[in-house]
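# Observations on the three-dimensional arrangement
In case you want the letters, here they are:
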Number of protein chains: 2
Amino acid sequence: MRKIDVCFSPDLIHLYDLSDKCVVVVDIFRATSCMVTAFAHGAAEIVPVEQIELCQSFREKGYLISAERNGITPEGFDFDNSPFSYQDPKVKGAKICVTTTNGTVAIRRSAEAPQLYVGAFLNLSSITEALNKWEGDALVVCAGWKGKPNLEDTLFAGALIDQLTGVYEVADDAALMAWKNFNVASKDMLTAVKNSSHVKRLLGLGIEKDIAFCLEVDRYDVLPELEGERLVNKKR
Amino acid sequence: MRKIDVCFSPDLIHLYDLSDKCVVVVDIFRATSCMVTAFAHGAAEIVPVEQIELCQSFREKGYLISAERNGITPEGFDFDNSPFSYQDPKVKGAKICVTTTNGTVAIRRSAEAPQLYVGAFLNLSSITEALNKWEGDALVVCAGWKGKPNLEDTLFAGALIDQLTGVYEVADDAALMAWKNFNVASKDMLTAVKNSSHVKRLLGLGIEKDIAFCLEVDRYDVLPELEGERLVNKKR
């Protein structure tokens, strides 16, 4: 049977062989939830970059630009890191360059994989469908928070493993633990994440609305895939 | 309230500030379970080292020597990495030098902490008691398997957090997830770990007996503490 594993943090990515894997990068609060939302609202492409200055330089190439550091948006950017920000009409047809604290780092460090999708609860079924079609092993790369594992990305990994039962088997203990954590939390995800440090940090920023939104399952039927340096929606 | 956190792997240790923490290093299968067993059987001191050659050099200093790589003991050592190996009469009063795949690495990388204990299910209450006395924050460092998180070390971290409820609060999501995983597994730990990759790996080595032994709670009342380069039992 095909195997699925979970990397809890970009700081552990060196332990995984990506060369033959389909990688799903997840940063539930909020980078990958934002990207999925942007594609659902018609974004043409999204370029994830690690540096703020590099992101700024994309403006002169005709891109809209988006940045977040420590949950906050620096001045002079078109979007903040809220999924509601990407529901604006200006998103339709736009090329967007994005940099965030964790999510874009996780994407760049996973870029050597032959296939890379960006996942969130918002497009869980699209990701499930893509992995059902993929004929090799898979790895979920959790963005975490500054290298540390976090609950919500792990829960997404567990939810995906749960969807793939009978098709993929868990490769290692991290995947097993993610799955167990999801099983415990699945009935009431919002309550489950309320105790998480990351959510407490975000609630301090006044974004309760974002938290609930990012936990919605299958709101959007989009499949962001990395092609070279940019993400495109394979479901358009 | 004091805070307790969990580092899932020595490869994430750089993310944690050890300078004011009491660190508990755990490698359930089998390094720290062996060390606890050795102290319970009268070992005078244990020196954990990272390299096999360094370990061998301790023989001429009057030490018994122990080595394990990938679950197997190279030739020419006095002990293998089974807790039953350390129940031999020769352990009483002995100075022992140990090197293992994961556990000794985790100890060495955590050595800068002002206080370091070695924990296992076998001495869970001794560790709990020591942390009740410690007046600052605590960190459980899981040895994992070659940098990857594993189930059994995480379950120990969760068990310890569970014991310390009301005294310590969880510092971050890794601790929260460890605790949840323990709550799910606590009723039947042996069944819970049977699906773990690490246990499957060990069962391939024919050490079923070791697995059950290492999951016994509070068999021994010993407290291995790092003093300089060596571990000593603070409960003798």
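It should be emphasised that the depicted structure is a prediction, and the values quoted were computed from it without experimental measurement.

Okay, the overall build of chain A next. Check the secondary structure of chain A and you find nine helices and ten strands. The C-alpha atoms of chain A give a radius of gyration of 16 Å, which matches the 18 Å a tight globule of 236 residues would have. For the C-alpha atoms alone, the extent of chain A along its principal axes is close to 50 × 35 × 30 Å. A buried classification covers 61% of the 236 residues belonging to chain A. Across chain A, every contact between residues at least 6 apart in sequence was considered, and the portion connecting residues at least 24 apart equals 76%. Per element, the accessible surface of chain A, about 8,800 Å² overall, is 48% carbon and sulfur. Each charge class in chain A can be summarised by its mean position, and for the 26 positive and 33 negative side chains these summaries are 3 Å apart.

Let us now look at the interface of chain A and chain B. Residue-level contacts link 29 residues of chain A with 29 residues of chain B. Counting across the interface, chain A meets chain B through zero salt bridges. Elements with a minimum of two residues in the side of chain A that touches chain B: α5 (151-163), α6 (173-185) and α8 (197-203) of chain A. If you tally residues by element for the side of chain A that touches chain B, the top one is α6(A), at seven residues. Within the side of chain A that touches chain B, the residues separate by chemical class into eleven nonpolar, ten polar and eight charged.

A separate point is the relation of the copies chain A and chain B. With an RMSD of 0.0 Å, the fit of chain A onto chain B corresponds to turning through 180° and sliding 0.0 Å along the axis. A rotation of that kind, with that shift, is consistent with a two-fold axis. Within chain A, the C-alpha atom positioned nearest to the axis of rotation is that of A:N181, 3.3 Å from it. Comparing contact sets, 100% of the residues at the interface of chain A also lie at the interface in chain B, consistent with an isologous, same-surface contact.

Here the focus is the packing of helix α4 (residues 124-133) of chain A against α5(A). Residue and element names in this part refer to chain A. Put simply, α4 and α5 touch, their axes get as near as 10 Å, and they point 50° apart. Our classification of the angle between α4 and α5 gives oblique. Like other packed secondary-structure pairs, α4 and α5 cross with a definite hand, here right-handed. Mapping the contact onto sequence places L124, I127, T128 and L131 in α4 and F156, A159, L160 and Q163 in α5.

Now for the environment of B:L54. Residue and element names in this part refer to chain B. Take L54: it is sitting in helix α2 (residues 52-57). L54 gets classed as partly exposed once you look at its relative accessible area, which sits at 37%. In this structure the C-alpha to C-alpha distance between L54 and A40, which are 14 residues apart in sequence, comes to 25 Å.

Here the structure, examined in full by the defined rule, presents eleven aromatic pairs over all chains. Between A:F8 and B:F8, the aromatic rings sit 5.4 Å apart at their centres with planes inclined by 35°, giving tilted as the arrangement. Residue A:F8 is found in the loop between β1 (2-7) and β2 (22-26), and its partner B:F8 is found in the loop between β1 (2-7) and β2 (22-26); the two belong to separate chains. Ring centres 5.0 Å apart and planes at 90° place the aromatic pair A:F58 and A:Y63 in the edge-to-face group. Residue class for A:Y63 comes out buried when judged on its relative accessible area of 10%. Taken together through their ring pairs, the aromatic side chains of A:F84, A:F213 and A:Y220 make up a single cluster. Its guanidinium or amino end placed over the ring of A:F79, A:K90 lies 4.8 Å from that ring's centre, counting from NZ or CZ. Sitting over the ring of B:F58, B:K61 keeps its end group 4.1 Å from the ring centre.

This paragraph deals with helix α1 (residues 31-40) of chain A. Since one α-helical turn is 3.6 residues long, residues separated by three or four positions face the same way. Residue and element names in this part refer to chain A. Counting buried positions over the ten residues of α1 gives nine, a clear majority of the element. For α1, the full list of buried residues reads A31, T32, S33, C34, M35, V36, T37, A38 and F39. Count one or two residues on from α1 and you reach G42, which has phi positive near 95°.

Let us look at the pattern of salt bridges. Overall, the coordinates contain 26 salt bridges over all chains when judged by the stated rule. A salt bridge links A:E229 to A:R108, with the shortest nitrogen-to-oxygen separation between them at 3.4 Å. Of this pair, A:E229 sits in the loop between β9 (224-227) and β10 (230-233) while A:R108 sits in helix α3 (residues 103-109), and the two are 121 residues apart along the sequence. A salt bridge links B:R59 to B:D78; its shortest N-O distance comes to 3.3 Å. Here B:R59, found in the loop between α2 and β4 (64-67), pairs with B:D78, found in the loop between β4 and β5 (95-99); they are 19 residues apart in sequence, far enough to count as distant. By relative accessible area, which is 38% here, B:R59 ends up partly exposed. A cluster of three or more residues bridged by salt bridges with shared partners is formed by A:E45, A:E227, A:R230 and A:K234.

This next bit is on the confidence of the model for chain A. Taken residue by residue, chain A gives an average pLDDT of 95. The fraction at 70 or more is 100%. Confidence metrics for the complex model read pTM 0.96 and ipTM 0.95.

Rules and cut-offs
Residues numbered from 1 in each chain as written. Chains lettered and ligands numbered in written order. Predicted model: local features only at pLDDT ≥ 70, side-chain atom pairs only at ≥ 80, totals over all residues. Heavy atoms only, no water. Helix = DSSP H or I, 4+ residues; strand = E, 2+ residues; numbered from the N terminus. Rg over C-alpha atoms; globule rule 2.2 N^0.38 Å. Buried < 20%, exposed > 50% of the residue type's maximum accessible area, 1.4 Å probe, protein only. Contact = heavy atoms within 4.5 Å. Areas by Shrake-Rupley, 256 points an atom, 1.4 Å probe, with all protein chains shown as cover. Lys, Arg positive; Asp, Glu negative; His and termini not counted. Charge placed at Lys NZ, Arg CZ, Asp CG, Glu CD. Salt bridge = Lys/Arg side-chain N within 4 Å of Asp/Glu carboxyl O. Nonpolar A, V, L, I, M, F, W, Y, C, P; charged D, E, K, R; others polar. Least-squares fit on C-alpha atoms with pLDDT ≥ 70 in both. Axes fitted to C-alpha atoms, helices over the stretch in contact; angles between N-to-C directions. Parallel < 35°, antiparallel > 145°, perpendicular 65-115°, else oblique. Left-handed = near helix turned anticlockwise from the far one by under 90°. Phe/Tyr/Trp six-rings, centres within 6.5 Å; stacked < 30°, edge-to-face > 60°. Lys NZ or Arg CZ within 6 Å of the ring centre and 35° of its normal. pLDDT = per-residue confidence, 0-100.

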